[in-house]
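This is what each chain is made of:
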Amino acid sequence: MTDELPRTDVAADAAGADTHPAAGQPLLRIEGVAKTFGMFRAVDGVSLDIKAGEFFALLGPSGCGKTTLLRMLAGFEAPDEGRILLGGEDIAQALPHQRPINMMFQNYALFPHLSVRDNIAFGLKRAGMARADIATRVSEMVALVKLEGLEKRKPDQLSGGQRQRVALARALARRPQLLLLDEPLAALDKKLREDTQGELMELQRRLGMTFIIVTHDQEEAMTMASRIGVMKAGQLVQVASPRELYEAPRSRWIAEFVGDINLFEGESRLRDGHRLVIGTRDAGTLVVAEPREPVGAGKFAVAIRPEKVKLSRRGPVSEAGHETALNRLDGVIADICYLGGTTTYRVKLDTGGMMQASVANSARLDVDAYSLNQHVVAWFTPDDCVVLPS
Amino acid sequence: MSGRRIFARPARFAAIAPYLWMVLFFLVPFAFVLKISLSQTAIAQPPYEPVFDLTAGWEALKAAFGALSLDNFRLLGSDDIYVFAYVRSLTVAVTATALLLVIGYPIAYGMARLPRRWQAVAMVLVIVPFWTSFLIRIYAWINILQHDGLLNQTLLALHLVSQPVVWLSTDTAMYIGIVYSYLPFMILPLYATLAKMEPVLEEAASDLGAPPWQVFWLVTFPLSLPGVGAGVLLCFIPIVGEFVIPDLLAGSNALMIGQTLWLEFFTNKDWPVASAAAIVLLVVLLVPLLLYERLQKRQLEQGR
């Protein structure tokens, strides 16, 4: 078994694991990668650069190809087209055991016949590490994921959260240049999932490693990742920071997939400086800020996030009236959804449409709360609107 | 309450049914055989004495008990024929079981990795030979292996040999017959454990740097051990006592214990010695069974 490829340098210290070559060059470059299963094009021409030290999330609904892409990075599938460059070297056709990449599997895939210690040591033994070094590294890893005292247990004697930690320690033990995480938190309950999200981020920062996580949970991706790639039908439709993805989605589909949103379809009427006036069917005439990429005439959708919509009993006082041409829509409260920190109101607009408004419950007593069928004014600024091609 | 009463009885019966089965079909016949093994051969009907006669009274019964002896077991130990037969049976069983494992494992593994609908087809193909009588299939092998049989004709036609090879009445023929007959019993339990195993475990091993042979040796094989154990026992035990296949395919110079039993029972009409030989065989076979059970218990205690 000869490995022509750079192996995980198991002896290197993680803190100084700056194994990527010349600065500026991405650690991982995916170039026009495609994979077809029978007639189904699972991954359709994906190109992406990932820098060393990034926490990158691949986000998308199930069947969008994100897992297939991850499996190609790990080496379980070979791409039909394109190249995968790790530190400048094409690894697209290398076998999984030849890659300095490790993966944390969705249901952990712990070896049921091996103890926690042997699970973690598995990859180290394969790398031919000396026994004493293996012992040191294993106890380091056990401490890192806080599993002290459980080393001799078998996987089925552990709780779900503990199994998750073993899987993480096992994948990290070889100090891979790249760690892939396939829905790593999907099997945990909500509270544990939130705690673990924080721990994963902390760990990634401390080790300075590059993480690529696959998830269908947009909140998880937003919380943890520094950059998110959204996939749809095998294609990467937007790569952006969480904030940009949320506030400036590139398409209607992305806007609806990431978070809640109010969408009103309409046609551009006229341009007024930096403002665009759009006539909508369900929400009357709306004034919106001109998008960064100028748009011509035609059909558009105006998108407003629910928390950007303010509600008031009589409409905004005119002190805010200077310069801003506010959008004001009259309506009645049709539905109230109390969520603890916020309350989501559904407002039936007089113009015919429905508008969601998310209001922070900043006071404990509900003096500010609206009641069903109460008349309200929903208002928002042009800058809070996003214009999307319809 | 009434619901509980309805279900209680069948449940209790279900719990004792296996024991009832054991007593009726194993312990009682075993007691008969044990008793005969302690008797002496006689030219009579039945061909041994003493015969327990419950109508003859207490004294007669006591005398009958007194007439039992361990002579037959001493004979088994002192006569080479029996010792050789036992040794040969064990050798044949070990060799054949090893062959079966080596041949059956790749087949079972291949089946378990087929697409689901093909797995069902493969399963039927493995079981299909059972639809023909076992004896007919062994006779078919005689046909194939005989002097001008299919095998020799093929070999001659391909110019692989210049003279017909003697297959029949050799150990090779016997091993072919045994492996052929017992292969399904090795494949099915192996297939059952391998099909249950998650392929993602093999991926994990390979992701952690294990080349294919290590993936097999460190993950696949250890996880299939329950199936290996079941397959080995399912083949080994009946092969030790195998009678038909060695009788029809192997030569007559070295006998297996099954053949010796047959001779004692039907040719020599020596039921007591045959019974003693059967009892010893049973004890010999209990050893691997107990070992297997202990192994399983240890695996359970470790949380599998």
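First, a word on what this report is: a plain description of the structure on this page. (Residues numbered from 1 in each chain as written. Chains lettered and ligands numbered in written order. Predicted model: local features only at pLDDT ≥ 70, side-chain atom pairs only at ≥ 80, totals over all residues. Heavy atoms only, no water.)

### Concerning the overall build of chain A
Here is the rule: A run of DSSP states H or I qualifies as a helix once it reaches four residues; a run of E qualifies as a strand once it reaches two. Both are numbered from the N-terminal end. Exposure is judged per residue with a 1.4 Å probe applied to protein chains only, and the accessible area is read against the type maximum: over 50% gives exposed, under 20% gives buried, and values in between give partly exposed. Any two residues whose heavy atoms approach within 4.5 Å at even a single point are treated as in contact. To be clear on the numbers: accessible area is Shrake-Rupley with a 1.4 Å probe, and residue cover counts the displayed protein chains and nothing else.
Per the secondary structure count, chain A includes eight helices and 20 strands. Taken across its 390 residues, chain A has 51% of its residues classed as buried. Within chain A, counting contacts between residues at least 6 apart in sequence, those at least 24 apart form 66% of the total. Total accessible area on chain A is roughly 18100 Å²; 49% of this is exposed by carbon and sulfur atoms.

### Overview of the environment of Ser 224 of chain B
Residue and element names in this part refer to chain B. Residue placement: Ser 224 occurs in the loop between helix 10 (212–223) and helix 11 (225–240). With 28 residues separating them in the primary sequence, Ser 224 and Lys 196 have C-alpha atoms 9.4 Å apart. Residue contacts for Ser 224: discarding those within four places in its chain leaves Tyr 105, Thr 193 and Leu 194.

### Some remarks on the pattern of salt bridges
Put simply, the rule is: Between Lys or Arg on one side and Asp or Glu on the other, a salt bridge is scored when a side-chain nitrogen of the former is within 4 Å of a carboxyl oxygen of the latter.
All chains considered together, the criterion is met by 24 salt bridges over all chains. Salt-bridge contacts for Glu 247 of chain A lead to Lys 308 of chain A; the nearest nitrogen and oxygen are separated by 3.3 Å. Of the two residues, Glu 247 of chain A sits in helix 7 (residues 242–247) while Lys 308 of chain A sits in the loop between strand 14 (299–304) and strand 15 (310–312), which places them 61 residues apart along the sequence. Note that Arg 88 of chain B is salt-bridged to Asp 171 of chain B, the shortest N-O span being 3.1 Å. Of the two residues, Arg 88 of chain B sits in helix 4 (residues 80–112) while Asp 171 of chain B sits in helix 8 (residues 171–196), which places them 83 residues apart along the sequence. Accessibility expressed as a relative area gives 35% for Asp 171 of chain B, which makes it partly exposed. Salt bridges linked by common partners bring Arg 41, Asp 44 and Glu 81 of chain A together as one network.

### A word on unusual backbone geometry
Residues and elements named next belong to chain B. Following Gln 45, the chain continues to Pro 46 via a peptide bond in cis, the omega torsion being -5°. Following the sequence through the fold, Pro 46 ends up in the loop between strand 1 (40–41) and strand 2 (48–49). A cis amide bond links Glu 49 to the next residue, Pro 50, at an omega of 0°. Structurally, Pro 50 is set in the loop between strand 2 and helix 2 (58–66).

### Description of the sheet that holds strand 2 (residues 40–50) of chain A
Residues and elements named next belong to chain A. Let me state the cut-off plainly: Paired strands, as defined in this entry, are two strands with at least two bridges between them according to DSSP. Fitting a line to C-alpha atoms yields each axis, with helices limited to the stretch in contact; the angle taken between N-to-C directions then spans 0 to 180 degrees.
Ordered in space as 2-1-4-5, the four strands form an open sheet in which the pairing is antiparallel. Every other strand in the sheet has two partners, leaving strand 2 and strand 5 (89–90) as the edge strands with one partner each. Where strand 1 (residues 28–37) meets strand 2, seven bridges bridge the pair, whose relative direction is antiparallel. Paired with Thr 36 across the bridge in strand 2 is Arg 41. Here helix 1 (residues 66–74) sits on the sheet in contact with strand 1, strand 2 and strand 4 (81–86), set at roughly 115° to strand 1.

### Focus: the packing of aromatic side chains
Rules: Aromatic contacts are taken between Phe, Tyr and Trp rings whose centres are within 6.5 Å, Trp giving its six-membered ring; a plane angle under 30 degrees counts as stacked, one over 60 as edge-to-face, and the others as tilted. Consider the ring centre and the ring normal. A charge sits over the ring if Lys NZ or Arg CZ is within 6 Å of that centre and within 35 degrees of that normal.
Applying the stated criterion to the full structure yields 20 aromatic pairs over all chains. On the numbers, 5.1 Å between centres and 5° between planes, the contact of Trp 253 of chain A with Phe 257 of chain A is stacked. Of this pair, Trp 253 of chain A and Phe 257 of chain A both sit in helix 8 (residues 252–257), separated by four residues, roughly a single helical turn. Residue Trp 253 of chain A is classed as partly exposed on the basis of its relative accessible area of 25%. Summarising the aromatic geometry, the rings of Phe 26 of chain B and Phe 30 of chain B are spaced 5.9 Å apart at their centres and angled 15° between planes, so their arrangement reads as stacked. Here Phe 26 of chain B pairs with Phe 30 of chain B, and both are found in helix 1 (residues 2–37), just four residues apart, close to one helical turn. We classify Phe 30 of chain B as partly exposed; its relative accessible area is 27%. Through pairs of rings, three or more aromatic residues link up here, namely Tyr 48, Phe 243, Trp 262, Phe 265, Phe 266 and Trp 271 of chain B. It is Lys 310 of chain A that lies over the ring of Trp 379 of chain A; its NZ or CZ is 5.8 Å from the centre. Of note, Lys 35 of chain B hangs over the ring of Phe 52 of chain B, and the distance from its end group to the ring centre comes to 5.0 Å.

### Here's the deal with the pairing of strand 9 (residues 227–232) of chain A
Residue and element names in this part refer to chain A. Where strand 3 (residues 55–59) and strand 9 come together, four bridges link them in parallel fashion. Among the inter-strand pairings, Leu 59 is bridged to a residue of strand 9, identified as Val 230. Across five bridges, the pairing between strand 9 and strand 10 (residues 235–240) is antiparallel. When the bridges of strand 10 are listed, Gly 229 appears paired with Val 239. What sits between the antiparallel neighbours strand 9 and strand 10 is a turn of two residues, in which Ala 233 has the positive phi angle 45°.

All we've got here are geometric facts, nothing functional implied.
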